[in-house]
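Read off the chains here:
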Amino acid sequence: MSLEQSADTTVRTNEGVSAAFVAWLKPARSQRLLVAFSGYVACAIVFFPETYAHFWTAKVHHLATAFSFAILVVVFVSVIRTPASPWSSFRAYVRRRGLVVFAAFGALVFGLSAFSTIKVNIPNVVPFYADGYIAGLERTILGVDAWRLAHAIVPDRVAGVVDFIYSKFWFVGLICCYAFAAVIEEGARFKRFMWTALAIYAGLGSILALVFSCVGPIFYDDFYAGNRFAELTDALQANPGIVYISQYADFLLWSYRENQPQLGSGISAMPSLHVAVAVLTAWFLTSHHRWLAVIGWVYATVIGVSSVYTGWHYLLDGVVSFLVVSAIWVGLSRYYGLPALPNRPPDS
């Protein structure tokens, strides 16, 4: 191929990518999604500009890593779908969806920066107050604190696995789910996923977290008088398999007391974002295949139980997340005319 031909191919590819992105933005539903997302980010910037700038600067370098992972996903999908000509499939995909995928990962950086900004400022807007009400309601319903039930169900010998899955693997699951959704979902399915993700971080992680400002069982005794959850803390510290919980708890307390916002900092329990994202992952997998649905809901259940076992959350935190995210997903599925469950195969 000559230099002129190569340049012409590049121009046509860029034109194709730009045209595809403009075509995606044309529908009013896409524009509403963009406006809602921009409004969320703008709120964080307007009210807490310095904190947002700090988090954006800290997170922006993750964009290259995340987008590189997305490229690997595109390559993987191209090989699976067209093993005879994966390179042609890859180039065609980049022309058709490349800019949309890049925008999705740019949105991830801007959105997570907004979420982190608002999260660390929750006690500055609404001082922590709701723990007594949530813990009391939970004990009234169950007759006992939920963490005791979780510790009775989960054997001590697997506590290290629970700690690892909740503290480390969850983030990997978040990135994988987002990357695959950004790559393989199109049209209404893509909008359904992005609207749900926005609702999780803006609606649950910011608005509801402000309304129900609380710290969770693991920090209860640090912020309120008494030693109501001292036995929980003792049980976690006594288990040699648990490594990350106490380290992260110390980090969060230090960040709060020293007013030093860092990546991953910010204390907020109600509702549980871990559970919310796991439920989104479960619904995403459910929309593709019944066997994937089994994997997704087992994963969501593990995250839900782990959130209580580790003391990060009350049981009600996860229940609220499950109900709200499921309602949003099912509601959006009906709005877009999509099945919330995978279609059954035809009878043989």
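Conventions and cut-offs
- Residues numbered from 1 in each chain as written.
- Predicted model: local features only at pLDDT ≥ 70, side-chain atom pairs only at ≥ 80, totals over all residues.
- Heavy atoms only, no water.
- Helix = DSSP H or I, 4+ residues; strand = E, 2+ residues; numbered from the N terminus.
- Buried < 20%, exposed > 50% of the residue type's maximum accessible area, 1.4 Å probe, protein only.
- Contact = heavy atoms within 4.5 Å.
- Salt bridge = Lys/Arg side-chain N within 4 Å of Asp/Glu carboxyl O.
- Phe/Tyr/Trp six-rings, centres within 6.5 Å; stacked < 30°, edge-to-face > 60°.

### Examining the environment of leucine 142
- Along the chain, leucine 142 turns up in helix H7 (residues 131-142).
- Its relative accessible area of 33% is what places leucine 142 among the partly exposed residues.
- Along the primary structure leucine 142 and leucine 315 are separated by 173 residues, whereas in three dimensions their C-alpha atoms are 10.0 Å apart.
- Each residue touching leucine 142, except ones within four places of it in the same chain, is listed here: Leu149 and Leu315.

### Details of the pattern of salt bridges
- Considering all chains together, one arrives at 4 salt bridges under this definition.
- A salt bridge links glutamate 231 to arginine 148; the shortest N-O distance between them is 3.3 Å. Placement of glutamate 231 in helix H12 (residues 230-238) and of arginine 148 in helix H8 (residues 146-153) is noted, with a sequence separation of 83 residues between them.
- The partly exposed category is assigned to arginine 148, whose relative accessible area is 31%.
- When the shortest N-O distance is used, the salt bridge between arginine 189 and glutamate 185 registers 3.0 Å.

### Observations concerning the packing of aromatic side chains
- Evaluated as defined, the whole model comprises 21 aromatic pairs.
- Seen from their ring centres, tyrosine 220 and tyrosine 224 are 4.9 Å apart, and the 40 degrees between their planes marks the pair as tilted. The pair tyrosine 220 / tyrosine 224 is uniform in exposure class, with both members buried.
- Note on tyrosine 248 and phenylalanine 251: the rings are 5.8 Å apart at their centroids and 15 degrees apart in plane angle, and the pair reads as stacked. Placement of the pair is tyrosine 248 and phenylalanine 251 together in helix H13 (residues 244-257), with a separation of 3 residues, close to one helical turn.
- Overall, the relative accessible area of 34% leaves tyrosine 248 in the partly exposed class.
- Connected via pairs of aromatic rings, a cluster forms that spans Phe128, Phe219, Phe223, Tyr248, Phe251, Tyr256 and Trp312.

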